[in-house]
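Descriptive analysis of the structure
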Amino acid sequence: MLLNPQPITDQTWAGIRTEFTLPTLVQVHRRLSELMEDPEPVMRQLVRIFIDDGTFCPGFQFLPGGQLHPTVVELFRRAMVLDIPHNYFTLWMVTPTKELAGTRPVDHLKNSPAPLLPGDC
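Treat the numbers as computed from the prediction; the structure is a model and nothing was measured.

This part is about the layout of surface pockets. Sizing a probe to match a water molecule and rolling it over the atoms shows the empty space that remains. Of the volumes computed, that of the largest pocket is approximately 210 Å³. Those elements giving two or more residues to the lining of the largest pocket turn out to be helix H4 (70–81) and helix H5 (86–93). Looking at which element gives the most residues to the lining of the largest pocket, the answer is H5, with four residues.

Printed below as a string of structure tokens:
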């Protein structure tokens, strides 16, 4: 659990939106409903971020066809066991680290993330 978490800036969220997309939870649910009969199992596994009064889903977790990236799902499950908040998990995914030779965890996903929604969000 994070002991004095630092606030995450609007600039950070804007960067994530630009690089990976950041659709709202409602948009993701709507799109998944178009792609599959029962989107609820996928919805329960989503990384969500909370900005002001909105709930968003970072695009790095999606594969083409609306499936979730299995590596992100596994990392996120571990983060939940460790009580790491969604927003800080997302921040960790996009932050360079010396343990990864200055690259970001998201840079090591085997299949490139794909926007869930056409035209990005």
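There is more to say after this.
Turning our attention to the packing of aromatic side chains. One pass over the full model with this rule turns up three aromatic pairs. The interplanar angle of 40° and the centroid separation of 6.0 Å between the aromatic rings of phenylalanine 89 and tryptophan 92 together place this pair among those described as tilted. Here tryptophan 92 and phenylalanine 89 lie together in helix H5, a separation of three residues that amounts to about one turn. Note on phenylalanine 89: relative accessible area 3%, which makes it buried. Here the aromatic residues Phe76, Phe89 and Trp92 are joined through ring pairs into a cluster of three or more. For the cation-ring pair, arginine 17 lies above phenylalanine 56, with the distance from its terminal atom to the ring centre recorded as 5.6 Å.

A word on the environment of phenylalanine 50. In this structure, phenylalanine 50 sits in strand S1 (residues 49–51). Among the residues examined, phenylalanine 50 registers a relative accessible area of 43% and is labelled partly exposed. As for phenylalanine 50 and proline 85, which are separated by 35 residues in sequence, their C-alpha atoms are 9.9 Å apart. Setting aside its immediate chain neighbours within four residues, phenylalanine 50 contacts Thr55, His86 and Asn87.

Thresholds, definitions, all that
Residues numbered from 1 in each chain as written. Predicted model: local features only at pLDDT ≥ 70, side-chain atom pairs only at ≥ 80, totals over all residues. Heavy atoms only, no water. 1 Å grid on protein atoms, 1.4 Å probe; cavity = no way out; pocket = protein on both sides within 12 Å on 5 of 7 lines; lining within 4 Å. Points joined across faces, edges and corners; volume = space filled by probe spheres on them. Helix = DSSP H or I, 4+ residues; strand = E, 2+ residues; numbered from the N terminus. Phe/Tyr/Trp six-rings, centres within 6.5 Å; stacked < 30°, edge-to-face > 60°. Buried < 20%, exposed > 50% of the residue type's maximum accessible area, 1.4 Å probe, protein only. Lys NZ or Arg CZ within 6 Å of the ring centre and 35° of its normal. Contact = heavy atoms within 4.5 Å.

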